[in-house]
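What the coordinates show
Now for the letters of each chain:
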Amino acid sequence: MLTWLILTPVVGAAVVALLPRRRPELYLPVGVALSLIPLALAGVLFFEFETGEAGFQFLQQALWYEPLGISYRVGVDGISLGLIVLTAVLVPISLAASTSIDRRVKEFVVYILLLEAGLFGVFVALDLFLFFVFFEAILVPMYFIIGIWGGERRIYAAVKFFLYTAVGSALMLAAIIALAVMHARQTGAPSFDFADLLALDLSPSTQRWLFAAFGLAFAIKVPIFPLHTWLPDAHVEAPTAGSVLLAGVLLKLGTYGFLRFNLTLFPQATVDLVTVLAVLAVVGIIYGGLVAIVQPDLKKLVAYSSVSHLGFIVLGTFALTSGGLQGGVIQMINHGLTTGALFLLVGMIYERRHTKKIADFGGLAKVMPVYAGFFLFMAFASIGLPGLNGFIGEFLVLVGSFATLPVYAVIAAFGVILAAVYLLWAYERVFTGVPDKPENQRLVDLSGREIAILAPLVVLVLVLGLYPKVLLDKVAPSTEAILDRIEQTTDFQVPEPGRLADVFVAEGEGR
Amino acid sequence: MTDLLWLVIVLPLFGSVFLHFFGRRLGEPVAGWVATLAMAGSFVVAFGAALPFFRGTGENLQVVLWEWMPAVGATFELTWDPLAALMTLIVTGVGSLIHLYSIGYMSGDERFSRFFVYLNLFAASMLTLVLAGNYAMLFLGWELVGLCSYLLISFWFTKPSAAAAGKKAFVVNRIGDFGFMVGLMLIFTSFGTLSYAGIFERAPEVLDTGVATAIGLLLLVGAIGKSAQIPLYVWLPDAMEGPTPVSALIHAATMVTAGVYVVARSAPIYQLAPFAAGTVATIGALTALWAASIALAQNDIKKVLAYSTISQLGYMFLGVGAAAYVAGVFHLMTHAFFKALLFLGAGSVIHGMADEQDMRKMGGLARHMPITAITMGVATLAIAGIPPFSGFWSKDEILGVAFEAGGWFVVLWVVGVVTAMLTAFYMTRQFVMVFLGEPRWDEGVHPHESPRTMTVPLLVLALLAFGGGFVNTPWRTGLEHFLEPAFEGVAVAQPPKELSTFFLLGGVSVVAGVLGIVAAYLAYRRPAEAWRRFQESLGAPWRWWEQAYRVDDLYGALVVAPGKALAERAAFSFDLRIVDGAVNGVAWVVRRVGTALRPLQTGFVRNYGVVFVAGTVAVVAWLLVVGRGI
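Residues numbered from 1 in each chain as written. Chains lettered and ligands numbered in written order. Predicted model: local features only at pLDDT ≥ 70, side-chain atom pairs only at ≥ 80, totals over all residues. Heavy atoms only, no water.

Some remarks on the overall build of chain B
Note the threshold: What counts as a helix is a DSSP run of H or I of at least four residues, what counts as a strand is a run of E of at least two, and both are numbered from the N terminus. Between the two quantities, the radius of gyration covers C-alpha atoms and the globule rule is 2.2 Å times the number of residues to the power 0.38. The cut-offs for exposure are 20% and 50% of the maximum accessible area for each residue type, with area from a 1.4 Å probe on protein chains only; residues under the lower value are buried, those over the upper are exposed, and the others partly exposed. By definition in these notes, contact holds between two residues if any of their heavy atoms fall within 4.5 Å. Here the positive residues are Lys and Arg and the negative ones are Asp and Glu; neither His nor the chain ends is included. Working definition for charges: the position is that of NZ of Lys, CZ of Arg, CG of Asp or CD of Glu.
Along its length, chain B carries 26 helices and 2 strands. Its C-alpha radius of gyration of 28 Å places chain B within 12% of the 25 Å reference for a compact globule of 630 residues. Over its C-alpha atoms, taken along the principal directions, chain B stretches across nearly 95 × 65 × 55 Å. Within the span of chain B, comprising 630 residues, buried residues form 61% of the whole. Long-range pairs, those at least 24 residues apart, make up 80% of the contacts in chain B between residues at least 6 apart in sequence. Of note, chain B has its 38 positive side-chain charges centred 11 Å away from the centre of its 38 negative side-chain charges.

In structure tokens:
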């Protein structure tokens, strides 16, 4: 099942590559149609998934290179499930939104589909070597997507993206190899199997070094302040589809990695380093929001808002409470949906006006009321309006973090004010007033195709906002299992809800 | 009927969704009627469900609908007790009248049906807020009414001032929400739930005074934002950019009272936190006086009412802060009647005067708009606290409790009485400037009475503004009795019971009111030049009031400008030059080193490969050395 999930986009890419050269108009529709197959598979996966189980499901494995203990081993749990579905949803949408790609369309579709395969691979991999292969493989299609179809400074942005993330993963590879070596030392045979590595006995200082090596790779991906500057450049230059997938899914590799590997493989280091991560998360939340306020470019504004939103995920993850972890996971999905939608919307206006400068617009709600409606809806989802999805993640994270990180949670809550400021101020400048620039007066409102692209996202935003149980029920057992593991392997105790006294006593003791 | 409780929210919600998709096709006025019927239907259901409470046989209900975020104790859950019932009846009742009125007021607007989409959505959100059975769902309603407020204030978004006002309202409210949210964190961490049922019963055993005070103050921060109290009231005067029915419904009768409702709802917590409660009362009294003084000198008919609303909300805060929950909610109700009436009357005037809002250009309108004039007159007497109009009873109950509470509260009582005098003054001033004296209209203005869809709500509200106070008088404490089950286990402060004290205190405030009325009448009954001279004779204070103490400028200089400067510094100096500069600096050094080592090779991917392999080897080797100790 999972192997099929990875293979179908690859096969799809091959099919598109083989399409006759004289029928270029087919590339995109065929690509969209083919990307619906993994979507259907992901749908099956979601509904077949046994709710209430913490462990990995749909396991498959095959030996790859026995002497080094490398195997092909895949599975899904509540944490990766949502991300897989998110990927499967966003790919057809971003392909369908790419009609303005006017050259080398075939390659474009191929790269997007290969990227999808890589993303599925990352989320299902249960062998660290396999994980690393997919983790790196993703860089290549993304590099080309930015470098070929990007804006003016696309080469600079693509190289920066590539090198920056590659430097981080080099350290991670070293750490992965080190883990395998230690496994060999402790048991006699090397292994990259996640389950095997969990059984390793690592001293606190080793844990800390390895945590740092993994953590750097993931922190760049998230990105965590101050490692975030590749992000705005990459987003501004990337074509719409690239931005949607970059913000929607690629950034989650970082937060997913922290949750999946750092918390479980290095529990003691996690507990020791909570404060460092919490500080960086909170700085990211406030700093990203603050910087977003004054961005003159709409796309850059959304990019910096990601820095802020991802900070919530990091905070929730390292709060080490039920609410925090669940909130972090669901915020990954939610951010993917709303920020993905915002990038789509920015792309739609860019196609019409060939500018993303806020100052070039004004009064758009008058000429494009439907567009304005969608934008405002997604802006409020991003602001964290209760009833829409963004709130669920933020609220879970904030309330969940208060028990272990009260001060940071309070500062983070301040970030919700900033979100309202940067998005509503941008909305005011772009959409309200009288459309006095002649270029803006002739703009046409959204087409049926564009509405069809956005509609599924609107539905998901509402469903997850009002009935997040569909996802939370699947997420919770897996995040609880991580917390259990931390409790068992360290002397950390997850505070019981409803025990305020514990919070401040614990705080007083320096945790 | 209580089984159908969900319909109370769903009817207007459905109306909103339906009109969103089909409103334009239905057009004017059908779309308005659909929305009005949805609202009226909601009222009927609510009334049916509230009947047992009127009979004294009702039971408090707590209905869980579905789980929302179990990990932090958030569920969709409704509560139905007399407090919720009263609020629901106010929202749906006054809401229905204002919906009806809007059909006339908004006629001819090109986004007629859109207006009702938002209005119905607002009603559904407000009902969510009052029917919520836990703090998370309350927060849901709380934020959704903020959204609707945003949408409706900037309804005429092509006007930059309207768009800016909407944003300002939302952002300022968010500052309050920050406090509210931290309050919720503290509640959840203390109780392990956000459900009223799980909190209020256990509050005395779980909370010590410190935590109760913290929660009380944090909830107060939220309430201050929503109910426009010092220091977060600045959004409400700007909110007058919205269509007038919006001002009546959202910014007078319902949404802005949400803060009062939250304090009343959280009575079991405030009961444990006298300091927090005292802060509520003090902020309320100060706001009442502060805003009333600004209202004295406003010339825009709606601005007077906006500051008046802030001031009256201050009274309600004084009430609930003094643990006079019944009195506070009582004033919330009578205020909903007379202030909605005042706004709708003002709307009728604006409508009849071809969108003129400057009272200096009005005068003598009573002859041309008799129904508007008479009904607004009733409302003016009600807010001025003249018996037997409704405002007298509720305001005096609050003042009575404050007086009775003694100590610091006596100071607040004095503030309240002075405010009562100012209130009578500015309201009479408004009435005289608008309806009496010589016409001072612009050329081409032909004032006329409004259509029946607008005057009928005025008449109904006038009846309520007149008689609404009789539900709770020293002789018949009907409302107190009605609300009793909602405040079980809470010591609700009572106004003085002896009639002599009542007459004495009542007499003081009536004298204050009459003084205000007479002074304003004498000053403004004269021709325009005369009252201009009167205003000038007051000198600097008058100019301060006229400019609302320039608080907006102060906030601009203290918060907005430095905030923006900081953001710019962070974005353009720090982020681009320092953080990104460091990154590019490293890249530059690496490239220089690379170029020096391998002058022929330039491919980036190659660079990457070298860095990658070298780094990996080095780190693995090093880790193995370090790891030897394992």
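Once the structure has been displayed, the description carries forward.
A few points about a nonpolar patch on the surface
This is how the line gets drawn: Only residues above 30% relative accessible area that lack a salt bridge enter a patch, with like-charged residues linked at up to 9 Å and the nonpolar side chains Val, Leu, Ile, Met, Phe, Trp and Tyr linked at up to 5 Å. For every accessible area listed, the method is Shrake-Rupley and the probe measures 1.4 Å; residues are considered covered only by the protein chains on display. What makes a salt bridge here is a side-chain nitrogen of Lys or Arg within 4 Å of a carboxyl oxygen of Asp or Glu, nothing more.
A cluster of nonpolar side chains, Val459(A), Leu462(A), Val463(A), Leu466(A), Tyr467(A), Val470(A), Val63(B), Leu65(B) and Trp66(B), forms an exposed patch at the surface whose accessible area comes to about 660 Å². At the level of elements, α20 (448-466) of chain A together with β1 (61-69) of chain B are the ones that each hand at least two residues to the nonpolar patch. The leading source of residues in the nonpolar patch is α20(A), at 4 residues.

Focus on the packing of aromatic side chains
The criterion, for reference: For Phe, Tyr and Trp, where Trp contributes only its six-membered ring, two rings pair if their centres lie within 6.5 Å, and the inter-plane angle classes them as stacked under 30 degrees, edge-to-face over 60, or tilted in between.
Per the counting criterion, the structure on display carries 77 aromatic pairs over all chains. For the ring pair Tyr111(A) and Phe144(A), a centre distance of 5.2 Å and an interplane angle of 15 degrees mean the geometry is stacked. Remark: Phe144(A) occurs in helix α6 (residues 139-149) and Tyr111(A) occurs in helix α4 (residues 105-124); sequence separation between them is 33 residues. For Tyr111(A), a relative accessible area of 18% puts it in the buried group. Consider the rings of Phe115(B) and Phe155(B), whose centres lie 5.3 Å apart with planes at 80 degrees: the pair is edge-to-face. Here the residue Phe115(B) occupies a position in helix α4 (residues 112-131), and Phe155(B) occupies one in the loop between α5 (135-153) and α6 (160-191), the gap between them amounting to 40 residues. Assigned by exposure class, Phe115(B) and Phe155(B) land together as buried. Each residue in the set Phe56(A), Phe131(A), Phe135(A), Phe194(A), Phe211(A), Phe214(A), Phe218(A), Phe258(A), Phe261(A), Phe266(A) and Phe318(A) is aromatic and connected to the rest through ring pairs, giving one cluster.

Re the packing of helix α7 (residues 154-187) of chain A against helix α10 (residues 230-237) of chain A
Residue and element names in this part refer to chain A. Quick note on the threshold: Fitted lines through C-alpha atoms serve as axes, helices being fitted only where they are in contact, and the angles separating the N-to-C directions of these axes extend from 0 to 180 degrees. Roughly parallel means an angle under 35 degrees; roughly antiparallel means over 145; roughly perpendicular covers 65 to 115; every other angle is labelled oblique. By definition, any crossing whose near helix is turned counterclockwise from its far helix by less than a right angle is left-handed, and any crossing with a clockwise turn is right-handed. Under this grouping Gly is polar, as are all residues other than the nonpolar Ala, Val, Leu, Ile, Met, Phe, Trp, Tyr, Cys and Pro and the charged Asp, Glu, Lys and Arg.
It is at 9 Å that the axes of α7 and α10 come closest, and there the two elements cross at 140 degrees. It follows that α7 is oblique to α10 by the angle criterion. Both α7 and α10 take part in a crossing whose hand is left-handed. For the pair α7 and α10, the contacting residues are Arg 154, Tyr 156, Ala 157, Lys 160, Phe 161 and Tyr 164 in the first and Trp 230, Asp 233, Ala 234 and Glu 237 in the second. A class-by-class count of the residues in the contact of α7 with α10 yields 6 nonpolar, no polar and 4 charged.

A short note on the nonpolar core
Going by this rule: Throughout this description, the term nonpolar core refers to a set of buried Ala, Val, Leu, Ile, Met, Phe, Trp, Tyr and Cys residues connected via side-chain atoms within 4.5 Å. Per the annotation, domain bounds derive from an automatic or database assignment of domains.
In terms of nonpolar packing, the biggest core is built from 426 residues, with Leu179(A), Phe214(A), Phe380(A), Phe395(A), Met69(B), Tyr135(B) and Phe487(B) touching the most fellow members. With 17 residues, helix α16 (residues 325-352) of chain B is the largest single contributor of residues to this core. The residue makeup of this core includes at least three contributed by each of domain 1 (109-547) and domain 2 (553-629) of chain B. With residues up to four places along the chain from it excluded, the contact list for Phe487(B) reads Leu83(B), Ala264(B), Ala267(B), Tyr325(B) and Val492(B). Counting residues in hydrophobic clusters, the runner-up holds 19 residues, among them Ala281(B), Tyr315(B), Ile398(B) and Phe409(B).

Some points on the domain arrangement of chain B
Taken domain by domain, chain B comprises domain 1 (109-547) and domain 2 (553-629). When each unit is reduced to the centre of its C-alpha atoms, the spacing between domain 1 of chain B and domain 2 of chain B is 55 Å.

Digging into the side chain of Ser308(A)
Position of Ser308(A) among the secondary structure elements: in helix α13 (residues 298-319). Contact partners of Ser308(A), with chain neighbours within four places excluded, come to Gly284(A), Ile285(A), Gly288(A), Gly289(A) and Tyr422(A).

Looking at the interface of chain B and chain A
We apply this condition: Reported buried area values correspond to the accessible surface (1.4 Å probe) lost by two parts on association, with both partners' losses combined. Side-chain atoms alone can form a polar contact between residues adjacent in sequence; in general such a contact is a pair of N or O atoms within 3.5 Å, and within protein one must be able to donate a hydrogen while the other accepts it.
Across the contact, 65 residues belong to chain B and 85 residues belong to chain A. Summing both partners gives a buried area of about 6400 Å² for chain B against chain A, and 78% of it is carried by carbon and sulfur. Among the salt bridges present, the one from Glu67(B) reaches Lys469(A), with a minimum N-O distance of 3.1 Å. Inspection of the chain B/chain A interface yields 14 residue pairs in polar contact (both at pLDDT 80 or more). For the side of chain B that touches chain A, the element with the highest residue contribution is α6(B), accounting for 17 residues.

As for helix α12 (residues 258-265) of chain B
Summarising burial for α12(B): 8 of the 8 residues are buried, a large majority. Inspection of α12(B) places Ala258(B), Gly259(B), Val260(B), Tyr261(B), Val262(B), Val263(B), Ala264(B) and Arg265(B) among the buried residues, and these make up the whole buried set.

What to know about the pairing of strand β2 (residues 74-80) of chain B
All names here are of chain B. As a reminder of what qualifies: Paired strands, in this sense, are two strands between which DSSP finds at least two bridges.
The buried fraction of β2 is high, at 7 of 7 residues. Residues Ala 74, Phe 76, Leu 78 and Trp 80 line one face of β2 and the alternating positions Thr 75, Glu 77 and Thr 79 line the opposite face, and both faces are buried. Sheet topology places β1 next to β2; 7 bridges connect them, and they run antiparallel. Bridge pairing in β2 links Trp 66 to Phe 76. Counting the residues that bridge the hairpin from β1 to β2 gives 4 residues, and of these Gly 73 lies at a positive phi of roughly 70 degrees.

Here's the deal with the pairing of strand β2 (residues 70-76) of chain A
Residue and element names in this part refer to chain A. Along β2, 7 of the 7 residues are buried, which leaves the element largely enclosed by surrounding structure. The alternating pattern of β2 places Ile 70, Tyr 72, Val 74 and Val 76 on one face and Ser 71, Arg 73 and Gly 75 on the opposite face, and all of these are buried. In terms of strand pairing, strand β1 (residues 57-65) meets β2 through 6 bridges, oriented antiparallel. Bridging across to β2, Ala 62 finds its partner in Tyr 72.

Comments concerning the pattern of salt bridges
Within the structure shown, the criterion is met by 21 salt bridges over all chains. Lys366(A) is paired through a salt bridge with Glu110(B); the nearest N and O atoms lie 2.8 Å apart. Linking Lys366(A) in helix α15 (residues 364-367) with Glu110(B) in the loop between α3 (82-105) and α4, this pair reaches from one chain into another. Lys366(A) gets classed as partly exposed once you look at its relative accessible area, which sits at 40%. The exposure class assigned to Glu110(B) is exposed, which follows from its relative accessible area of 67%.

What about unusual backbone geometry?
Between Val222(A) and Pro223(A) the backbone carries a cis peptide bond, its omega angle lying at -10 degrees. With respect to the helices, strands and loops of the structure, Pro223(A) is situated in the loop between α9 (204-221) and α10. Positive phi is not limited to glycine here, since Asp355(B) has a value of about 65 degrees. Mapped onto the elements, Asp355(B) comes out in the loop between α16 and α17 (370-383). For Asp355(B), a relative accessible area of 63% translates into the label exposed. Of note, Ala548(B) is a non-glycine position whose phi angle comes to about 55 degrees, a positive value.

Thoughts on the environment of Thr419(B)
All names here are of chain B. Along the chain, the position of Thr 419 falls in helix α19 (residues 408-435). By relative accessible area, Thr 419 is classed as buried at 0%. Counting along the chain gives 316 residues from Thr 419 to Ile 103, while the straight-line C-alpha distance between them is 36 Å. In this structure Thr 419 touches Ala 288, Leu 289, Ala 292, Ser 311 and Tyr 315, once residues within four positions along its chain are discounted. There is a polar contact of 2.7 Å between the side chain of Thr 419 and the backbone oxygen of Val 415.

A short note on the side chain of Lys221(A)
Residue and element names in this part refer to chain A. By secondary structure assignment, the location of Lys 221 is in helix α9. Buried Lys 221, no salt bridge; nearest opposite-charge side chain is Glu 136, N-O distance 6.3 Å. In this structure Lys 221 touches Phe 135, Leu 139, Thr 165, Trp 230, Leu 250, Leu 251, Leu 253 and Gly 254, once residues within four positions along its chain are discounted.

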